[in-house]
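Okay, here's what each chain looks like letter by letter:
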Amino acid sequence: MINRRANAVWKGTGKEGTGLISTQSTVLENTQYSFNTRFADGIGTNPEELIAAAHAGCFAMQLSFLLNEAGFTADELNVSAVITLDPSQGAITKSALVLKGKVPGITAEKFDEIAHAAKEKCPVSKVLNAEKTLEVELLA
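Residues numbered from 1 in each chain as written. Predicted model: local features only at pLDDT ≥ 70, side-chain atom pairs only at ≥ 80, totals over all residues. Heavy atoms only, no water.

### Section: the pairing of strand 5 (residues 91-102)
- Where strand 4 (residues 76-86) lies against strand 5, eleven bridges are found, and the strand directions are antiparallel. Note on strand 5: the bridge partner recorded for Asp86 is Ala91.
- Where strand 4 hands over to strand 5, the hairpin turn is made up of four residues, of which Gly90 adopts a positive phi near 65°. (Pairing = 2+ DSSP bridges. Helix = DSSP H or I, 4+ residues; strand = E, 2+ residues; numbered from the N terminus.)

### Re the sheet that holds strand 5
- Spatially, 4-5-6 is the arrangement adopted by the three strands of the open sheet, whose pairing is mixed. Across the chains shown, the open sheet's two edge strands, defined by having one partner strand only, are strand 4 and strand 6 (131-138). The average angle at which neighbouring strand axes cross in this sheet is 15°, direction not considered.
- Relative to strand 4, helix 2 (residues 47-69) is tilted by about 145°, and along the sheet it contacts strand 4, strand 5 and strand 6. (Axes fitted to C-alpha atoms, helices over the stretch in contact; angles between N-to-C directions. Contact = heavy atoms within 4.5 Å.)

### Some words on helix 2
- Taking 1.5 Å of rise per residue, 23 residues should cover 33 Å, and helix 2 covers 33 Å from first to last C-alpha, within 8% of that figure.
- Close packing links the buried residues of helix 2 with helix 1 (35-39), strand 4, strand 5, helix 3 (108-121), helix 4 (123-127) and strand 6.
- A side-chain oxygen of the first residue of helix 2 lies 3.1 Å from the backbone nitrogen of Glu48; this N-cap is Asn46.
- Positioned one or two residues after helix 2, Gly71 has a phi angle of 90°, which is positive. (Expected span 1.5 Å × (residues − 1). Polar contact = N/O pair within 3.5 Å; in protein donor to acceptor, adjacent residues only side chain to side chain.)

### Some details on the pattern of salt bridges
- Under the defined criterion, the tally for this structure stands at three salt bridges.
- Arg38 is the salt-bridge partner of Glu48, the closest N and O atoms lying 2.6 Å from each other. Separated by ten residues along the polypeptide, Glu48 in helix 2 and Arg38 in helix 1 bring together distant segments of the chain.
- Residue Glu120 is joined to Lys119 by a salt bridge in which the shortest nitrogen-to-oxygen separation is 2.9 Å.
- According to the relative accessible area criterion, Glu120 is partly exposed, its value standing at 49%.
- With a relative accessible area of 10%, Lys119 lands in the buried category. (Salt bridge = Lys/Arg side-chain N within 4 Å of Asp/Glu carboxyl O. Buried < 20%, exposed > 50% of the residue type's maximum accessible area, 1.4 Å probe, protein only.)

### A closer look at the sheet that holds strand 1 (residues 6-11)
- An order of 1-2-3 is seen for the three strands of this open sheet, with the pairing classed as antiparallel. The open sheet has two edge strands with one neighbour each: strand 1 and strand 3 (31-34). Direction aside, neighbouring strands of the sheet carry axes that sit 25° apart on average.
- Two elements, strand 1 and strand 2 (residues 18-23), share six bridges in a ladder whose sense is antiparallel. Paired with Val9 across the strands is Leu20, a residue of strand 2.

Shape is all these values report; function is a separate question.
Okay, here's the thing in structure tokens:
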């Protein structure tokens, strides 16, 4: 079993308060988050941005493993993720992945097939109770 840790400290009200997020690896160390970083354009991070980063990173790594199992090695996998938060539902409703990849020797059809398998097998995909979409482009 692998356990990873993070910590959040929040002070004050939901709208005027501020928080600090830290991760076990210290990549985030007392990183600011607040109402403005979540719902406007404040300085700092927010939970949805962190989930987007986690989904993009997890998917890219999962895809790399599946490509290797199929006999391919990617020159580059560029993945973006957009997390949609619906405040009226109080829920994350969607994670939209966009993949652009350079993989020598693979057909567009095979790349698409493996990419969609990676979307389903990615541990972060599995934990998200939201619609998950994937747009795939094989670059020359």
